[in-house]
Amino acid sequence: QVQLVESGGGLVQAGGSLRLSCAASGRTFSRYAMGWFRQAPGKEREFVARMRSGGTTYYADDVKGRFTISRDNAKNTVYLQMNSLKPEDTAVYYCAASSRVQPDFAWEYSVWGQGTQVTVSS
């Protein structure tokens, strides 16, 4: 079973950038689809981006063109590069792993990290 640990969150001004990392344990990391989700206070957890094991990516409309998901299977790590950040991007960001081929919903992910806080000031 994969275990996930996120890092890289913090406080940034609007228009700035952050790169989140998610380090995975386990030797089968490359087989998993990896996703990023976020949850703002008082809101439900929402999908941000995902990358299939083969490398295909998919993004939520409100981050498309600003965020980029990538993975380094040799380092068992998935990244989320976030550019042109907006105050509405403020949330706890979670990475997650799924054994499904094309998981787009939170319920399709079986392993979750603890989350990392991203705060964007205006």
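In the block above lies the structure referred to throughout.
The text that follows walks through the structure, step by step, so that each part is easy to find. All residue numbers refer to positions counted from 1 along the written sequence of the respective chain. For a predicted model such as this one, the threshold for reporting local features is a pLDDT of at least 70, and the threshold for listing and counting side-chain atom pairs is 80 or more; totals across whole chains, interfaces and linings nevertheless cover every residue. Based on all heavy atoms of the structure, the side-chain values leave hydrogens and waters out of the count.

Some details on the nonpolar core
In step 1: Only buried residues count toward a nonpolar core, which is a set of Ala, Val, Leu, Ile, Met, Phe, Trp, Tyr and Cys residues joined through side-chain atoms within 4.5 Å. A simple rule labels every residue: compare its accessible area, found with a 1.4 Å probe on the protein chains alone, to the largest value its type can have, and call it buried under 20%, exposed over 50%, or partly exposed in between. One finds L4, W36, L80, M82 and Y93 to be the most contacted residues of the largest nonpolar core, which totals 35 residues.
In step 2: Working definition: helices are DSSP H or I runs of at least four residues, strands are E runs of at least two. Numbering for both runs from the N terminus. Among the elements that make up this core, the one with the highest residue count is strand β9 (residues 91-98) (5 residues).

Thoughts on the pairing of strand β1 (residues 4-7)
In step 1: Residues L4 and E6 point to one face of β1 and are all buried, whereas V5 and S7, pointing to the other face, are not buried.
In step 2: Here the rule is simple: two strands pair whenever DSSP picks up at least two bridges between them. In the sheet, β1 pairs with strand β3 (residues 18-24) via 4 bridges, with the strands oriented antiparallel. Counterpart to V5 in the pairing with β3 is A23.

Some details on the environment of V118
In step 1: Secondary-structure assignment places V118 in strand β11 (residues 116-121).
In step 2: What makes V118 buried here is its relative accessible area of 0%.
In step 3: Considered as a pair, V118 and G65 are 53 residues apart in the sequence and their alpha carbons are 19 Å apart.
In step 4: In contact with V118, other than residues within four places in its own chain, are G9, G10, L18, L20, M82, D89, T90, A91 and Y93. Note on contacts: a residue pair is in contact if any heavy atoms of the two residues lie within 4.5 Å.

What about the state of the cysteines?
In step 1: Defined by distance alone, a disulfide is two cysteine sulfur atoms within 2.5 Å. In this structure the tally under the stated criterion is 1 disulfide.
In step 2: Across a sulfur-sulfur distance of 1.9 Å, C22 and C95 are joined as a disulfide pair. Taking the sign of the torsion about the S-S bond as the criterion, the disulfide between C22 and C95, at about 50°, is right-handed. Of the two residues, C22 sits in strand β3 while C95 sits in strand β9, which places them 73 residues apart along the sequence.
In step 3: Taking the relative accessible area as the measure of exposure, C22 reaches 0% and is therefore buried.

Describing the pairing of strand β5 (residues 46-51)
In step 1: Burial analysis of β5 places 5 of its 6 residues in the buried class, which makes it a mostly covered element.
In step 2: For strand β4 (residues 33-39) and β5, the ladder comprises 5 bridges, and the chain directions are antiparallel. Bridge pairing in β5 links R38 to E46.
In step 3: Between the end of β4 and the start of β5, which pair antiparallel, lie 6 residues, with G42 showing a positive phi angle near 75°.
In step 4: Pairing geometry for β5 and strand β6 (residues 57-59), over 3 bridges, is antiparallel. If you follow A49 over to β6, its bridge partner there is Y59.
In step 5: Joining the antiparallel neighbours β5 and β6 is a turn of 5 residues, in which G55 adopts a positive phi near 110°.

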